[in-house]
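Residue-level structural notes
What follows is each chain in one-letter form.
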Amino acid sequence: MNQKEKADLFQALHVKGDPVVLYNIWDAGSAKAVTEAGAKAIATGSMSVAAAQGYPDGQVLPMDLLLTIVERIVATTDLPVTVDFEGGYARAAEEVAANVLTVLKAGAVGINFEDQIVGGDGIYCIEEQAARIRAIRHMADEAGVPFYINARTDLFLKNSDVETHAGLMAETKERAKAYAEAGASGFFAPMLSNENLIADLCETTKLPVNIMHIDGARGLAELGVARISYGPGPYFQQMTRLSNAARDVYQA
């Protein structure tokens, strides 16, 4: 498949009630392992990719190094690859679009794109984030690739008290609507875990909804979710196994 065909396939995998499951990877080796396990698509996680190279999360990993990793992942699997691109490594819409173009040219068919201000405080206002999404969509259209923009809101991530989450739903829906109108392909709400709120979001937004898998999470398909991702969990799970195995060797 060429890149456009992979992008079309990736879009088609997002089905409300029959979600695509993305077991997030961090390098070419983990991409190969997950591909061979039966994945339908490959997704990086920014924290995992950064940690695997000795960097903290938050766009500290140099973008050139990230692009090299993406190129190696794309070369290792025939599956569609989507990249967690955090905040686009810039603030201005035109600069963000130019940066995303390099990800597209590296062979990816989509990105996660978050609305928190990486390296700063708070969340972009709806109008500014929509403008950033609009610039990415315009760039991708000009490139001729139906690029998947998974627009992420960090409202719930920034508010860890689940008791406050119901009060965030009105703004969440407003953001989902604005991001969809700007050209987003999907809507990602990490750390939203209340089943009723998830079902409400899936019912009221026209975008395919992405929810992060957490321990004990069940019934996401029945709630209308179209995409389930695992975030940094797989990386930290594997690093724990590696550490335990090494400890058995060194402390035997």
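Residues numbered from 1 in each chain as written. Predicted model: local features only at pLDDT ≥ 70, side-chain atom pairs only at ≥ 80, totals over all residues. Heavy atoms only, no water.

**Some thoughts on the pattern of salt bridges**
To be explicit about the condition: The salt bridge definition used is simple: a Lys or Arg side-chain nitrogen within 4 Å of an Asp or Glu carboxyl oxygen. For helices the rule is a DSSP run of H or I covering at least 4 residues; for strands it is a run of E covering at least 2, with both sets numbered from the N terminus onward. Burial here depends on accessible area, computed with a 1.4 Å probe over protein chains only, as a share of the maximum for the residue type. Under 20% is buried, over 50% is exposed, and the range in between is partly exposed.
Under the defined criterion, the tally for this structure stands at 10 salt bridges. For Arg-152, the salt bridge is made with Glu-114, and the minimal N-O distance between the two is 3.3 Å. Pair noted here: Arg-152 is in strand S5 (residues 148-152) and Glu-114 is in strand S4 (residues 110-114), with a separation of 38 residues, a long-range link. On the basis of relative accessible area, Arg-152 is assigned to the buried category, the value being 10%. The class of Glu-114 is buried, set by a relative accessible area of 3%. For the salt bridge of Lys-177 with Glu-181, the shortest nitrogen-to-oxygen distance reads 2.7 Å. Pair noted here: Lys-177 and Glu-181 are both in helix H7 (residues 169-182), with a separation of four residues, about one helical turn. Taking relative accessible area as the criterion, Lys-177 reaches 52% and is therefore assigned exposed. Where salt bridges share partners, they join Glu-114, Arg-152 and Asp-154 into one cluster.

**Description of the sheet that holds strand S1 (residues 20-22)**
Whether parallel or antiparallel, the strands of a sheet pair through hydrogen bonds between backbone atoms. Our working rule: What makes two strands pair is DSSP finding at least two bridges between them. It only takes one pair of heavy atoms within 4.5 Å for two residues to be counted as in contact. Helix axes are fitted to C-alpha atoms over the stretch in contact, other axes to C-alpha atoms as well, and angles between N-to-C directions run from 0 to 180 degrees.
Reading across the sheet, the eight strands line up as S1-S8-S7-S6-S5-S4-S3-S2 and stay open at both edges, with parallel pairing between neighbours. The two strands at the open ends of the sheet, each matched to only one other strand, are S1 and strand S2 (42-43). Direction of pairing for S1 relative to strand S8 (residues 227-229): parallel, over a ladder of three bridges. Residue pairing across strands places Val-21 opposite Ile-228, the latter belonging to S8. In the packing of helix H6 (residues 126-143) onto the sheet, the strands contacted are S4 and S5, and the crossing angle to S4 comes to about 165°.

**Observations regarding the nonpolar core**
Rule in force here: We call a set of buried residues a nonpolar core when its members are Ala, Val, Leu, Ile, Met, Phe, Trp, Tyr or Cys and they connect through side-chain atoms within 4.5 Å of each other.
By size, the foremost hydrophobic cluster in this structure holds 77 residues, and its most contacted members are Ile-42 and Ile-111. The contact partners of Ile-111, leaving out residues within four places of it in the chain, are Thr-82, Val-83, Phe-85, Val-100, Val-103, Ile-136, Phe-147, Tyr-148, Ile-149 and Asn-150.

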